[in-house]
Amino acid sequence: MPTKVVISIALNDEKSRSKAYEISVSMPGFKSVRPNGNHLVVVGEGIDATDLVKKLRDKVNDAADIFSWCGERGSNRRWSRSVRLALSAKNKLQLVDGRAPKPSESDSSYNAWRK
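Cut-offs and rules
- Counting restarts for each chain: residues are numbered from 1 in the order of the written sequence.
- Per-residue local features are limited, in this predicted model, to residues with pLDDT of at least 70; the limit for side-chain atom pairs, both in listing and counting, is 80 or more; totals at the level of whole chains, interfaces and linings are taken over all residues.
- With hydrogens and water set aside, each side-chain value is computed from the structure's full complement of heavy atoms.
- The secondary structure listing takes helices from DSSP runs of H or I that are at least 4 residues long and strands from runs of E that are at least 2 residues long, numbered from the N terminus.
- Accessibility here uses a 1.4 Å probe with only protein chains present; expressed as a share of the type maximum, an area under 20% marks a residue as buried, one over 50% as exposed, and anything in between as partly exposed.
- Each accessible area is a Shrake-Rupley result for a 1.4 Å probe, and residues are judged covered by the shown protein chains and nothing else.
- A fitted line through C-alpha atoms represents every axis, and for helices the fit uses only the stretch in contact; the resulting angles, taken between N-to-C directions, go from 0 to 180 degrees.
- For classification, angles of less than 35 degrees are called roughly parallel, those exceeding 145 degrees roughly antiparallel, those between 65 and 115 degrees roughly perpendicular, and all remaining angles oblique.
- Handedness of a crossing is defined here by the sense of rotation of the near helix relative to the far one, left-handed for an anticlockwise turn of less than a right angle and right-handed for a clockwise turn.
- The criterion used for residue contact is that any of the two residues' heavy atoms lie within 4.5 Å.
- Under the grouping applied here, Gly and all other residues not named as nonpolar or charged are polar, the nonpolar ones being Ala, Val, Leu, Ile, Met, Phe, Trp, Tyr, Cys and Pro and the charged ones Asp, Glu, Lys and Arg.
- Definition used for salt bridges: Asp or Glu carboxyl oxygen within 4 Å of a side-chain nitrogen of Lys or Arg.
- In this analysis, strands are considered paired if DSSP registers two or more bridges between them.

**Q** Just give me the short version of the overall build of the protein chain, but keep the residues and values in it.
**A** Helices and strands together make up the secondary structure of the protein chain, namely five helices and four strands. Listing each helix as α and each strand as β along the protein chain from the N terminus yields β-α-β-β-α-β-α-α-α. The buried share among the 115 residues of the protein chain stands at 23%. Carbon and sulfur atoms make up 50% of the accessible area of the protein chain, which totals about 8,100 Å².

Okay, here's the thing in structure tokens:
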């Protein structure tokens, strides 16, 4: 099943459109790319949406962001696991899943909790 990534990005001129297409075509598994208003729709087999957005931010527009993503069967599970591992490595998982109670504003750990 193909991966469909819709990226919110302003492609204001021919140079930025051309560069965005060039980056999209270079992605492993690429099948097609098309503009859709202020969005770029990229389709392919197993496209890494995070890597694609990073490259677009670096080379085209630093405001590029994933608008929607329909991955291959099981890819959401892999993504979820990756996010959980990343949050765990930074001791932030308990903040996201609600296990860490909010400290009072006078507590010395409040600023760390807020970040």
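**Q** Give me the lowdown on the packing of helix H1 (residues 14–25) against helix H2 (residues 49–59), citing residues and values where you can.
**A** Close contact between H1 and H2 brings their axes to 10 Å; oriented N to C, the two are set at 150°. Relative to H2, H1 is oriented roughly antiparallel. With respect to the hand of their crossing, H1 and H2 are arranged in right-handed fashion. Along its contact with H1, which presents Lys19, Ala20, Ile23 and Ser24, the element H2 presents Leu52, Lys55, Leu56 and Lys59. Of the residues contributing to the contact of H1 with H2, the split by class is four nonpolar, one polar and three charged.

**Q** Before we move on, can you summarise the environment of Val96 with the specific residues and values?
**A** If you trace the backbone, Val96 turns up in helix H4 (residues 93–96). C-alpha of Val96 to C-alpha of Arg84: the two residues are 12 residues apart in sequence and 9.6 Å apart in space.

**Q** How would you explain the pattern of salt bridges if you had to name every residue and give the values?
**A** Enumeration according to the criterion identifies four salt bridges in this entry. Here Asp51 makes a salt bridge to Lys55, at a shortest N to O gap of 3.4 Å. Of this pair, Asp51 and Lys55 both sit in helix H2, four residues apart, which is roughly one turn of that helix. Overall, the relative accessible area of 26% leaves Asp51 in the partly exposed class. Taking the shortest distance from any N to any O, the salt bridge between Lys54 and Asp58 comes out at 3.1 Å. In this pair, Lys54 and Asp58 are both assigned in helix H2, four residues apart and thus about one turn of the helix distant. On the basis of relative accessible area, Asp58 is assigned to the exposed category, the value being 55%.

**Q** Kindly report on the pairing of strand E2 (residues 30–36), identifying the contributing residues and their values.
**A** Of the strand pairs in this sheet, E2 and strand E3 (residues 39–44) are connected by six bridges, and their pairing is antiparallel. Pairing of Arg34 across the sheet is with Val41, part of E3. The hairpin turn running from E2 into E3, its antiparallel successor, is two residues long, and Gly37 in that turn takes a positive phi close to 65°.

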